[in-house]
Amino acid sequence: MPIWNPRAETMQRQELRELQLFKLKQMVRRTFERVPFYREKLERSRVSPDDIRTLDDIRRLPFTVKDDLRDHYPFGLFAVPMEEVVRVHASSGTTGRPTVVGYTRADLDMWSECVARFASAAGVTPADRAHVSFGYGLFTGGFGLHYGLEKIGAAVIPVSSGNTARQFQLMKDFGATTLIGTPSYALHMIDSLKDFGIDPKRDLRLKIGLFGAEPWSESIRREIEKGFCITATDNYGLSEVIGPGVAGECQERCGMHICEDHFFVEVLDPKTMEPVREGETGELVITPLSKEALPLMRYRTKDLSVIDSSPCSCGRTMARVMKIRGRTDDMLIIRGVNVFPSQIEEVLLNVEGVAPHYQIVVDRKNNLDTMEVRVEVSEGIFFDEMKRIVELEKKILERIYAVLGIHVKLKLVEPKTIERSTGKAHRVMDMRDVYGEDGKTC
Ligand code: ADP
Ligand code: ZN
C-alpha cells in the first residue's frame, strides 16, 4: 500500500528530532508573543522562548488542561485575529462543558493531511467510496474525516450519524467501500443488519472501516470485522489538539502512527508528571508543533497509553501509540481498587453467550462502593433456561473477579435492551457523582 507522504512518514528519526526542535522553538516564541495566558505563565516560571534549546527543554513549559480552554471560553486562547480563523469546532463535551477550538486555513490543510495519512495507511484510495457516519457539526469527527478523505480523492458520502435504515440504504445504493464512524455505532449497525434484511456479503461492498473517537477493545474489533466482513482500523485524536488525525493505524495494526512532525507526544506518569520508561503506560501529553489558531503547550489529554518507537514493517518511521486504555478520569475507584471499564469489556467480550452491549452502574450504599455490570445475552439464549443462565453468570463473575480482584453484581438482560448510541457510547453511570453519601442529590 503506497505511503501518502513518504517524505514525512519515513523520515529518519534524527531528522525528525531536528524538525521537531525547530518547530517547537518557533511555536513557543509565537505563542509567547501572541497569547497573554501563556506569556504570563512563562514569565511567572521565568522561562523565556530562548530557553528552549533541546527537545528535553519542553519540560520547562507549562501544562495546559481542559479547564484552561473553558476559562478562556470561547476564543481567549486564540493566537490569530478572527479574520484569519476559517473554522470553529467544539469538543463533544464527554466530560463537561464543551471547549471551543479554531483553525486557520493552514491548520485545516495540516488536519486533512494527517487524516489522509492514516486513511491511506488503512488502504483507502481514490477508487474508494467513503461513507461518513460520524456526526457533522461542532464535533470534529465528521468534517475531519471528510476533508482528509476528499484530499486522497475518495468519493466522500457525508451521511452523518443516526437513522440506521437510511445508512444501510445509502451504503447499499452507493456501493460504499469504506465505513467511517464510532466503533459503538458500527456495533449497533451490525446488530440491526438482520432487522433491515441486509446481508453484508450480498448487499454491501464494504472493505475497510476507519473507527475512532472512543476506546474500543480488540474483541470489539473482531466483532465489527466479522459483522461487516471488513478490516477495521483505529484512529485517535481530540478536538483541542486538532481532531481525528493525531494518530492512526497502518495495515500492520500494531499501534497508531503519530504524525510526529506535527505533534510532539510525551508519556507521563499522571501523578508525578515525570516521563515513564519506554514501553510503560502513562498519560499522553501532546504539544502541537504546527498549529496557528490555537497553539497549546503540553496539553494533558488524560488518555492513557503506551508509545513504541521501534520500526514498523510498513516502512513508516513515525512512532506508534497503542490502543488507548481509557482516560485517567474514566478510571473508577471501587472500594480502593482502580478499575477501567475497558478491563470489564475485555472480559465480557471473551465470554460466549453475551453480546458486546453493556453498562456499568456504580453507586455507594452504606458508605461502600457498589458496581453492577449489566450485559445483554446473545440472541438465542433464553431466560427460562435457568441452568444455562446460572452457568453464564458464574463464569462472568469468576472472570471479573480474576481480573479486578473485587466482587461485582451482574445482571444479564434481554437482547437490545441497553441503550444504543449513534455517536460515542456512554457505558458508565456513576451515581456517586449524582447522589451524596446520604442519598440526597448534591
Ligand atoms: P471530548 O473530550 O468532549 O470527548 P473529543 O470529541 O475531542 O472531546 O474527544 C476526544 C477524546 O476521545 C480523546 O481524548 C479520547 O479520550 C477519545 N478518543 C478519541 N479517539 C480515540 C480512540 N481511537 N481510542 C480511544 N479513545 C479515543
Ligand atoms: Zn506501520
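Scroll up a little and you will see the structure.
Note that the structure is predicted; figures quoted are calculated from it, not measured.

Enquirer: Would you take a moment to explain the packing of helix 10 (residues 218-228) against helix 11 (residues 341-349) for this structure?
Expert: For any two helices packed against each other, the geometry comes down to the angle between their axes and how far apart the axes lie. One way to put it is that helix 10 packs onto helix 11 with a least axis distance of 8 Å and a crossing angle of 45 degrees. On the basis of their axis angle, the class for helix 10 and helix 11 is oblique. Facing helix 10, whose interface residues are Glu218, Ser219, Ile220 and Glu223, helix 11 presents Glu345, Glu346 and Leu349. In the contact of helix 10 with helix 11, the residues fall into two nonpolar, one polar and four charged.

Enquirer: Looking at this structure, how should I read a nonpolar patch on the surface?
Expert: Taken together, the side chains of Phe75, Met82 and Val88 make up a nonpolar region of the molecular surface, amounting to roughly 230 Å² of accessible area. Within the secondary structure, Met82 is located in the loop between helix 4 (66-71) and strand 1 (87-90).

Enquirer: Help me understand the coordination of the zinc ion (ligand 2) in this model?
Expert: Put simply, a metal with four donors set out as a tetrahedron has ideal angles of 109.5 degrees, and one with six donors set out as an octahedron has ideal angles of 90 or 180 degrees. In the first shell of the zinc ion (ligand 2), the protein supplies Cys250 (SG), His257 (NE2), Cys312 (SG) and Cys314 (SG), at 2.1 to 2.3 Å from the metal. For the zinc ion (ligand 2), the four donor atoms are set out with angles of 103 to 116 degrees between them, so the coordination reads as tetrahedral. For the zinc ion (ligand 2), the donor residues sit on a single chain with the sequence spacing C-x6-H-x54-C-x1-C. Taken as a pair, Cys250 in the loop between strand 8 (243-249) and strand 9 (256-258) and Cys312 in the loop between strand 13 (307-308) and strand 14 (320-321) lie far apart in primary sequence, 62 residues in all. Classification of Cys250 as buried rests on a relative accessible area of 1%. Looking at Cys312, the relative accessible area reads 9%, which means it is buried.

Criteria and thresholds
- Residues numbered from 1 in each chain as written.
- Chains lettered and ligands numbered in written order.
- Predicted model: local features only at pLDDT ≥ 70, side-chain atom pairs only at ≥ 80, totals over all residues.
- Heavy atoms only, no water.
- Axes fitted to C-alpha atoms, helices over the stretch in contact; angles between N-to-C directions.
- Helix = DSSP H or I, 4+ residues; strand = E, 2+ residues; numbered from the N terminus.
- Parallel < 35°, antiparallel > 145°, perpendicular 65-115°, else oblique.
- Contact = heavy atoms within 4.5 Å.
- Nonpolar A, V, L, I, M, F, W, Y, C, P; charged D, E, K, R; others polar.
- Patch = residues over 30% accessible without salt bridge, like charges linked within 9 Å, V, L, I, M, F, W, Y side chains within 5 Å.
- Areas by Shrake-Rupley, 256 points an atom, 1.4 Å probe, with all protein chains shown as cover.
- Salt bridge = Lys/Arg side-chain N within 4 Å of Asp/Glu carboxyl O.
- Donors = N, O, S within 2.8 Å, 3.2 Å for Na, K, Ca; no water.
- Tetrahedral: all angles 85-135°; square planar, octahedral: opposite > 155°, others 65-115°.
- Buried < 20%, exposed > 50% of the residue type's maximum accessible area, 1.4 Å probe, protein only.

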